[in-house]
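Per-entry structural report
Listed below, chain by chain, are the residues.
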Protein chains: 2
Amino acid sequence: MKKVVLSMLTTAVLVSGLSADATKGGDNLIKKAKDAGLVAIPSEKKEVEKLVDNPKNKLNRAKIDLGLMLYFEPRLSKSGLISCNTCHNLATGGVDGVPAAIGHKWTANPHHLNSPTVYNAVFMKKQFWDGRAADLEEQAQGPLQAAPEMAISKEMAVERIASMPEYKELFKKAFGDDKITFERIADAIAAFERTLVTPSPFDAYLNGDEKALTWSEKEGLKTFIDKGCVSCHNGVGLGGTMQPFPAVKPYKYANVGDFKGDKNGMVKTPTLRNILRTAPYFHNGAVWDIKEAVKIMGETQLGVELSEKEVNAIVKFFGALNGHLPVIVYPTLPASTLKTPKPDAN
Amino acid sequence: MKKVVLSMLTTAVLVSGLSADATKGGDNLIKKAKDAGLVAIPSEKKEVEKLVDNPKNKLNRAKIDLGLMLYFEPRLSKSGLISCNTCHNLATGGVDGVPAAIGHKWTANPHHLNSPTVYNAVFMKKQFWDGRAADLEEQAQGPLQAAPEMAISKEMAVERIASMPEYKELFKKAFGDDKITFERIADAIAAFERTLVTPSPFDAYLNGDEKALTWSEKEGLKTFIDKGCVSCHNGVGLGGTMQPFPAVKPYKYANVGDFKGDKNGMVKTPTLRNILRTAPYFHNGAVWDIKEAVKIMGETQLGVELSEKEVNAIVKFFGALNGHLPVIVYPTLPASTLKTPKPDAN
């Protein structure tokens, strides 16, 4: 009855078999991109696993499989109806596709914050829009407890999961003993999330396959670098660091919600990986059109007015950031028992 | 990027390779069960496919794969947040595990009706608790439009799906041309649902493998037949026909909600397949303990007080109705486009 992720990082491996001998080539743009701080997802499975691992929450297959179950586990919400996947839906780019997240009792995020994608979230240097969590393990504890999200208490989360004998067994496999704690629940979820990386044509290109990008995608990449987008959207995550926002000019939709960043006004730079799948954009989800989003970023962050042509080129490049998504086998979750605390929709 | 159900009826086939030569055996109980109207899910894949097909909505692989996507498609709800899978969650027995369904704007079902499982729903002679839909194709149109469920209009559903070019392609494969209609959306969903059958040890037993049931499960089956449960819970669905409820004595939780059945007071008999995975029980989800549910059914429907021993035996038998669930690869859904009508949470 149990179903598991087909392989720890199945897709990561499948992807970059494109061509490895291209590093010899004379494509200056690859060097330029790397010099600008862009980093590929490695083509070797082992390297990816090393990159996404957390010394404080070592990955193992059992933990990842358990994490997948808990990621889809609606009984981790007070109502029994909301799972991590509700707002970070793996079917729709790792997001919910609405401007501001909606959770327990149909409550919208009080600051009108948009759900960031879980795909490649492992590459973010900080988690949450204000960067208040250091890693996915810490992040996962937040939405579970937040009143407008899953609204469950630590105690209730543990009591629910511990009431199902199958879970005890799975925790034992994942952690060495069958102790179920709130932290372990979050750790298992985070372990699963760490595997949600999506290698793309852009990675194949940076890894040396000059043919992985079309001519217009390369043009876009050049523009992306030359205009300075890369100064924040860099690293393997093409984002993920805390940056001032807005930096130069006001953000025209600043009045949607009341989010102003962390105490220094810094906001986490979102990843651009799969950006064409994760509308609407910005921390408050105020913009649906990726072209408008790029234009706005030019103004607010770089103080430049990007031409239609430049915007189009950059968006072409974004197409090359659509990654191969891992294959997820939808889990079968244990049946509730008479000991399982009842769902509470209020 | 597209992912599909591994095989039209993968699990159905895998399951009943248990042993086919047992029909020779002298197990009278098999004959008794068949004489009482119990019917197995066939062991041959082709027979299952014939059994679940609908002449008015012929199954094909492309339609089933499309249906799987639409089943998980939250943009088929007004809010963009609720899919068929929200209330009929394939991870949790095909149900939501709450007493009364909760949908758009966190609205509870106005009649306090419990979501029936989608697994084996194809075997029900009628759909909905009051039997108002003839088949899954007709049923699927209901929750999509119902205000307290997915709350979308036919027009909006079509506009949303038709706004994504990938869907056009998939409709063409499924239906022969790329016309997207509300009826076709429902038909594809129903086609997928028709594959959600879960062969169990009970089926292997009825198909001749005497060892497929334990001694106590056989005892339970005997009790189930002798006490008369089988008079309503029969056929391949172990339920699915319209029956008077309550028939003999009042239902002690009748005051939870206001559902009274169809115009003749008839209520659809729920399937007992996977019943141990689908608490809470009854049309109004008022009972969490399967033993209490069995006791109540004895009283209300058969006018008998079942002993503790009889109840336990029947529940043991229910264990043999836990079926093998089909393997579902979680779909990747097309990205919204600028033409896609926006989600509306209000």
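What counts as what
- Residues numbered from 1 in each chain as written.
- Chains lettered and ligands numbered in written order.
- Predicted model: local features only at pLDDT ≥ 70, side-chain atom pairs only at ≥ 80, totals over all residues.
- Heavy atoms only, no water.
- 1 Å grid on protein atoms, 1.4 Å probe; cavity = no way out; pocket = protein on both sides within 12 Å on 5 of 7 lines; lining within 4 Å.
- Points joined across faces, edges and corners; volume = space filled by probe spheres on them.
- Helix = DSSP H or I, 4+ residues; strand = E, 2+ residues; numbered from the N terminus.
- Nonpolar A, V, L, I, M, F, W, Y, C, P; charged D, E, K, R; others polar.
- Domains from an automatic or database assignment.
- Contact = heavy atoms within 4.5 Å.
- Buried area = accessible area lost by both parts, 1.4 Å probe.
- Salt bridge = Lys/Arg side-chain N within 4 Å of Asp/Glu carboxyl O.
- Polar contact = N/O pair within 3.5 Å; in protein donor to acceptor, adjacent residues only side chain to side chain.
- Least-squares fit on C-alpha atoms with pLDDT ≥ 70 in both.
- Core = buried A, V, L, I, M, F, W, Y, C linked by side-chain atoms within 4.5 Å.
- Buried < 20%, exposed > 50% of the residue type's maximum accessible area, 1.4 Å probe, protein only.
- Phe/Tyr/Trp six-rings, centres within 6.5 Å; stacked < 30°, edge-to-face > 60°.
- Lys NZ or Arg CZ within 6 Å of the ring centre and 35° of its normal.
- Axes fitted to C-alpha atoms, helices over the stretch in contact; angles between N-to-C directions.
- Parallel < 35°, antiparallel > 145°, perpendicular 65-115°, else oblique.
- Disulfide = S-S within 2.5 Å.

Let us now look at empty space enclosed by the protein. Residue and element names in this part refer to chain A. Throughout the structure, instances matching the rule amount to 4 cavities of 30 Å³ or more. Of the volumes computed, that of the largest cavity is approximately 650 Å³. Surrounding the largest cavity, 40 residues form its lining, His233, Thr269, Pro270, Leu272 and Met297 being those nearest its centre. Ranked by residues supplied to the lining of the largest cavity, first place goes to helix 12 (residues 290-302) with 7 residues. Here the residues of the lining of the largest cavity are counted per class, giving 25 nonpolar, 13 polar and 2 charged.

Before going further, it helps to spend a moment on the domain arrangement of chain A. Residues and elements named next belong to chain A. Entries for chain A in the domain assignment read domain 1 (8-43 + 201-319) and domain 2 (54-193). Counting from both sides, the interface comprises 31 residues of domain 1 and, opposite them, 27 residues of domain 2. Summed over both sides, the interface of domain 1 with domain 2 buries roughly 2,200 Å², with 68% coming from carbon and sulfur. The interface formed by domain 1 and domain 2 contains 0 salt bridges. Our count for the contact surface shared by domain 1 and domain 2 stands at 5 residue pairs in polar contact (both at pLDDT 80 or more). Among the elements that take part in the side of domain 1 that touches domain 2, strand 4 (residues 266-268) stands out by supplying 3 residues, more than any other.

If you look at the interface, chain A gives 41 residues, while chain B gives 41 residues. Between chain A and chain B, the buried area comes to about 3,300 Å², and carbon and sulfur atoms account for 72% of it. Of all residues in chain A, Leu81, Trp106 and Tyr330 of chain A bury the most surface against chain B, accounting for 24% of the area lost on that side. Joining chain A to chain B, the criterion identifies 0 salt bridges. Along the contact surface separating chain A from chain B lie 10 residue pairs in polar contact (both at pLDDT 80 or more). Looking at the side of chain A that touches chain B residue by residue, the classes come out as 25 nonpolar, 9 polar and 7 charged.

On to the relation of the copies chain A and chain B, then. Under the fitted operation, chain A is carried onto chain B by 0.0 Å of movement along the axis and a turn of 180 degrees, and the coordinates agree to an RMSD of 0.0 Å. Such a combination of rotation and displacement between the chain copies is what one expects of a two-fold axis. Closest to the rotation axis within chain A is the C-alpha of Val329 of chain A, separated from it by 2.3 Å.

This part is about the nonpolar core. Counting 112 residues, the largest nonpolar core has Tyr167 of chain A together with Tyr167 of chain B as the members making the most contacts within it. Each residue touching Tyr167 of chain B, except ones within four places of it in the same chain, is listed here: Leu66, Met69, Leu70, Glu73, Ile161, Ile180, Leu333 and Pro334 of chain B.

Our next topic: the packing of aromatic side chains. This structure, assessed with the given rule, holds 27 aromatic pairs over all chains. Between Tyr71 of chain A and Phe72 of chain A the ring centres are 5.8 Å apart and the planes differ by 80 degrees, which places this aromatic pair in the edge-to-face class. The residues Tyr71 of chain A and Phe72 of chain A share a single accessibility class, namely buried. Geometrically, the ring pair formed by Phe224 of chain B and Phe318 of chain B is edge-to-face, given 6.4 Å between the ring centres and 80 degrees between the ring planes. Of this pair, Phe224 of chain B sits in helix 11 (residues 215-226) while Phe318 of chain B is found in helix 13 (residues 308-319), placing the two residues 94 residues apart along the sequence. The same class applies to Phe224 of chain B as to Phe318 of chain B, namely buried. Over the ring of Trp129 of chain B we find Lys268 of chain B; its NZ or CZ atom is 5.9 Å from the centre of that ring. If you follow Lys342 of chain B out to its NZ or CZ, it ends over the ring of Trp288 of chain A, 4.8 Å from the centre.

Another aspect to go through is the packing of helix 7 (residues 154-162) of chain B against helix 9 (residues 182-194) of chain B. All names here are of chain B. Relative orientation of the contacting elements helix 7 and helix 9 amounts to 75 degrees, with a least axis distance of 9 Å. Looking at the two axes, helix 7 sits roughly perpendicular to helix 9. Taken together, the residues of helix 9 that come into contact with helix 7 (itself represented by Lys154, Ala157, Val158 and Ile161) are Phe182, Glu183 and Ile185. Broken down by class, the residue content of the contact of helix 7 with helix 9 amounts to 5 nonpolar, no polar and 2 charged.

All names here are of chain B. As for its position among the elements, Arg194 is in helix 9. For Arg194, a relative accessible area of 6% gives the class buried. Within the local environment of Arg194, its side chain forms a polar contact with the side chain of Glu137, the two groups lying 2.8 Å apart. Apart from residues no more than four positions distant in its own chain, Arg194 is found in contact with Val52, Asp53, Asn54, Leu59, Val122, Asp135, Leu136 and Glu137.

Turning our attention to the state of the cysteines. Residues and elements named next belong to chain A. Applying the stated criterion across every chain yields a total of 0 disulfides over all chains. Note on Cys87: no disulfide assigned, nearest cysteine sulfur contributed by Cys84 at a separation of 9.3 Å. Just so you know, Cys229 is unpaired, no disulfide at all, and the nearest cysteine sulfur is the one on Cys232, 9.3 Å from it. On the accessibility criterion, Cys229 (15% relative accessible area) is buried.

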